[in-house]
Amino acid sequence: MLGLMQDRPLLISDLIEHAQRHHGDVEIVSRRVEGDIHRTTYREAAGRARQLANALDGLGVGQGERVASLAWNGYRHFEMYFGVSGSGRVLHTVNPRLIPEQIVWIVNHAEDRVLCFDMTFWPIVKAIHDQCPTVKRWVALCDDAHLAQLTAAGGIPNLVSYEALIGAQPSTYAWPVLDENSASSMCYTSGTTGHPKAALYSHKSTILHAYAAALPDVMCLSARDSVLPVVPMFHVNAWGIPYSACAVGCKLVFPGAALDGKSVFELLDTEGVTFAAGVPTVWQMLLTHMAQNGLKLPKLGRTVIGGSACPPAMIDAFRLEHGVDVLHAWGMTEMSPLGTLCTLKNKHLDLPEAEQMKIRLKQGRSIFGVDMKVVGPDGQELPWDGKSAGDLLVRGPWIIRDYYRGEGAPPLVDGWFPTGDVATIDADGFMQITDRSKDVIKSGGEWISSIDVENIAMAHPAVLMAACVGMHHPKWDERPIVVVVKKPGAEVTREALLAFYEGKIAKWQVPDDVVFVDAIPLGATGKMQKVKLREQLAGYRLPGL
Ligand code: AMP
C-alpha cells in the first residue's frame with residue numbers, strides 16, 4: 001500500500017521562493033571585488049535569480065546544460081545557485097585556484113555553455129577563452145561600467161556583463177517542475193593525481209543535505225543566525241550553506257576575495273556574525289590577527305572547522321580565549337560534502353574539559369542520512385572500539401554512486417563509497433580520521449598517524465603550520481619527519497620541538513627530524529599538498545643514514 005502524501009518533488013527553486021516569502025527582508029551582505037560592501041535581501045536575490053533564469057532561456061541554454069561560475073562568495077554567485085539550477089540547468093562551480101590548464105580541461109570536460117566570472121579572474125578568462133569551444137557566452141559578474149574598465153586594453157568575443165545580461169529581464173519566472181533526481185550542480189574534486197573527477201549533485205540530494213546541515217547537532221542554523229561561509233562557494237557549494245540558509249532564513253555574509261585575518265575579522269564584527277564555517281588555514285590567519293591586536297568577537301558563538309584535521313591548539317584558542325564553540329566536521333566533494341560533525345552527547349557534558357577535548361578532536365558522529373563503517377584489508381568490518389583503524393566507507397542519498405561521465409573506475413564497493421580515509425569509530429559512533437590512506441606512515445609494521453604528529457607540533461607556540469611525511473628507512477620501512485613553518489618572529493629549534501613531543505605520543509612515533517621551511521604547498525582548496533611537499537624534499541636524507 002502506498003502512502004497518501006503529496007508527491008511534490010524536492011527542488012532547489014523552492015528554496016529561494018521560500019526564502020523570499022518567509023524571510024524576504026533578511027540581508028545578504030557581500031564584500032565585493034569592486035571594493036565596497038554590498039547589501040541586498042532574499043527578496044531582491046530571488047527576483048534577480050528569476051531574471052537570470054529568463055536570461056538563460058534567452059541565450060538558448062538547454063535543460064541539463066552546464067553554466068559555470070568562476071567566482072568568490074558573493075550575492076551574484078548566490079543568485080546563480082538558484083537561477084541556474086532552479087531553471088533546470090546545471091551549475092558548475094569551477095575552482096579558480098586551479099592552474100589555467102586544469103580549468104581549461106574541466107570546462108571542456110563539463111562542456112560548459114556559459115561561464116560567469118568575477119572580475120578578479122579576468123586574466124584567467126583572457127588566457128583560456130579561445131581554448132574552451134563549448135562556451136558560447138562569457139559573463140563578467142559586474143556592471144557595464146566595470147566591464148568597460150576591465151576591457152580597456154582589449155576584450156574577448158561574446159563577452160557581456162552580468163548586470164546587462166539580466167537587467168532587462170522580467171523578475172517573474174515559472175520555475176519548471178523537474179524530476180527531483182535531475183542534476184542540479186557539479187563540482188570537480190581537487191584531483192591530486194590524474195584528471196579531476198566531478199561529483200554531479202541532484203535537486204533531491206541537495207535538498208536532503210540542506211535539511212540535514214541545518215540540524216541542531218550539525219550546523220544548528222536558524223533565522224536568528226548571521227552566517228559567514230568562509231568556505232568557498234566553488235568548493236562543494238560552500239558546504240551547502242547557501243541552500244540551508246534559504247531554508248532557515250538566516251542572514252548571510254559573504255567575504256568575497258578578502259580572506260586575510262583582518263578582513264574576515266571586520267565582517268564578523270560589523271555584521272554580528274554568530275556562525276562561521278571554514279578550513280583551518282583561514283581560521284589560523286584570523287586567530288593570529290586577533291591575538292596580535294587583542295581583538296574579541298562577542299557575538300560569534302560557533303565555528304565549523306573541516307576540510308582538514310582541526311589542530312587541538314585551534315580548538316583551545318577559539319574556546320578558551322574567545323568563548324567560541326568549535327565544531328569539527330568531516331566530509332568530501334563526493335558527499336555534498338557533510339558526513340560527520342562533532343557535537344557532544346548529553347552524557348559528555350559533565351566531563352572535565354580535557355576529557356571533552358579528546359572527543360572534540362574526533363571528526364564526529366554521522367549525520368542521519370550518512371551510514372559509515374571501517375573495514376580491514378580483507379574487507380571485513382572492524383569493531384567500533386575507537387582503536388581499530390581501517391578504510392572508511394560511506395553510503396547515503398547525498399553520496400555519489402558514480403562520477404560524471406563515468407570517469408575513473410566505478411567507485412562503489414558493494415554499494416559503499418570508499419572515502420580513501422583511514423579512521424576509527426568508537427562505541428558512541430564518533431569517527432576519527434587518522435590519515436588519508438596514501439599519507440599513512442608505516443614504521444616497523446605499525447601505523448603512525450600523520451595527523452597526530454602534526455597536531456602536537458601545531459600546539460607549540462612558535463609553529464604556524466606543520467606537515468608530517470614518511471621518509472623511506474632501510475630498517476623501519478618509513479620514519480616520520482615533521483616539516484614546519486614558524487610563526488613570524490617566533491623561534492624554536494629542532495631539538496626543542498622534538499623534546500616537545502616527549503610524553504605526548506609513544507617514543508617510536510616521535511618524528512626523526514624537523515625540517516624548517518618558509519611555506520608548505522597548499523592545494524586549490526587550502527589543504528596541504530603532501531605529494532608536492534615530498535617532491536620538494538627529494539634530496540632529503542633522514543639523520544644518521
Ligand atoms: P575534498 O573532497 O576536497 O573536500 O576533500 C575531502 C578530504 O578532505 C577527505 O577525504 C579527508 O581526507 C579530508 N578532510 C575533510 N575534512 C577533514 C577533517 N575534519 N579532518 C581530516 N581530514 C579531513
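What counts, and at which threshold
Residues numbered from 1 in each chain as written. Predicted model: local features only at pLDDT ≥ 70, side-chain atom pairs only at ≥ 80, totals over all residues. Heavy atoms only, no water. Helix = DSSP H or I, 4+ residues; strand = E, 2+ residues; numbered from the N terminus. Rg over C-alpha atoms; globule rule 2.2 N^0.38 Å. Buried < 20%, exposed > 50% of the residue type's maximum accessible area, 1.4 Å probe, protein only. Areas by Shrake-Rupley, 256 points an atom, 1.4 Å probe, with all protein chains shown as cover. Lys, Arg positive; Asp, Glu negative; His and termini not counted. Charge placed at Lys NZ, Arg CZ, Asp CG, Glu CD. Near = heavy atom within 4 Å. Polar contact = N/O pair within 3.5 Å; in protein donor to acceptor, adjacent residues only side chain to side chain. Domains from an automatic or database assignment. Expected span 1.5 Å × (residues − 1). Contact = heavy atoms within 4.5 Å. Salt bridge = Lys/Arg side-chain N within 4 Å of Asp/Glu carboxyl O. Phe/Tyr/Trp six-rings, centres within 6.5 Å; stacked < 30°, edge-to-face > 60°. Lys NZ or Arg CZ within 6 Å of the ring centre and 35° of its normal. Core = buried A, V, L, I, M, F, W, Y, C linked by side-chain atoms within 4.5 Å.

(A) Molecular detail of the overall build of the protein. Assigned secondary structure in the protein consists of 17 helices and 25 strands. The globule rule puts the C-alpha radius of gyration for 545 residues at 24 Å, and the 24 Å found for the protein is close to it. Taking all 545 residues of the protein together, the buried fraction comes to 58%. As displayed, the protein has an accessible area near 22,600 Å², and 53% of this comes from carbon and sulfur atoms. Measuring between centres, the 51 positive side-chain charges of the protein sit 1 Å from its 59 negative side-chain charges.

(B) Structural view of the site of the ligand. If you check the shell around the ligand, you find 15 residues, and the closest are A329, T333, Q363, D421 and R436. At 3.0 Å from a nitrogen atom of the ligand is found a main-chain nitrogen or oxygen belonging to G307. Here R436 contributes a side-chain N or O atom positioned 2.6 Å from an oxygen atom of the ligand. Counting residues per element, the shell around the ligand draws most heavily on strand β14 (residues 325-331), at four residues.

(C) Representation of the domain arrangement of the protein within the structure. Domains assigned within the protein are domain 1 (9-205) and domain 2 (446-536). For domain 1 versus domain 2, the distance between C-alpha centres works out to 40 Å.

(D) Structural detail: helix α12 (residues 280-293). Between its first and last C-alpha atoms α12 spans 20 Å; for 14 residues at 1.5 Å apiece the expected length is 20 Å, and the two agree. Residues P280, V282, W283, Q284, L286, L287, T288, H289 and M290 constitute the buried set of α12. Among the structural elements, α11 (261-270), β12 (275-278), β13 (302-306), α13 (312-322), α15 (450-458) and β23 (463-473) are those in contact with the buried residues of α12.

(E) Broad picture of unusual backbone geometry. Across the junction of S336 and P337, the peptide omega takes the value 10 degrees, indicating a cis bond. By the secondary structure assignment, P337 is in the loop between β14 and β15 (338-341). Here W239, not a glycine, exhibits a phi torsion of approximately 55 degrees, which is positive. Mapping W239 onto the fold places it in helix α9 (residues 236-239). Positioned with a positive phi, D477 is a non-glycine residue whose angle comes to about 80 degrees. Position of D477 among the secondary structure elements: in strand β24 (residues 477-486).

(F) Up close: the pattern of salt bridges. For the structure on display, the rule yields 32 salt bridges. Between D426 and K362 there is a salt bridge whose closest N-O contact spans 3.0 Å. Of this pair, D426 sits in the loop between β19 (417-425) and β20 (430-436) while K362 sits in the loop between α14 (353-360) and β16 (364-366), placing them 64 residues apart in sequence. Salt bridges sharing partners connect three or more residues here, namely R32, E34, D36, R48, R76, E79 and E163.

(G) Expanded view of the packing of aromatic side chains. Scanning the entire structure with this criterion turns up ten aromatic pairs. Among the aromatic residues, those joined into a cluster by ring pairs are Y42, F78, Y81, F82, Y243 and F254. In this arrangement the basic side chain of K197 is found over the ring face of Y403, its NZ or CZ atom lying 5.1 Å from the centre. Across the ring face of F500, the terminal group of K504 is positioned such that the distance to the ring centre comes to 3.7 Å.

(H) Structural context of the nonpolar core. Grouped together as the largest cluster of nonpolar side chains are 114 residues, with contacts concentrated most on Y42, F78, F82 and M219. In terms of residue count, the dominant contributor to this core is helix α2 (residues 42-59) (eight residues). Those residues in contact with F78, other than ones at most four positions away along the chain, are I16, I28, Y42, A45, M233, P242, C246, L252 and F254. Among the nonpolar cores identified, the runner-up in size contains 34 residues, and A68, W122, I128 and W138 belong to it.

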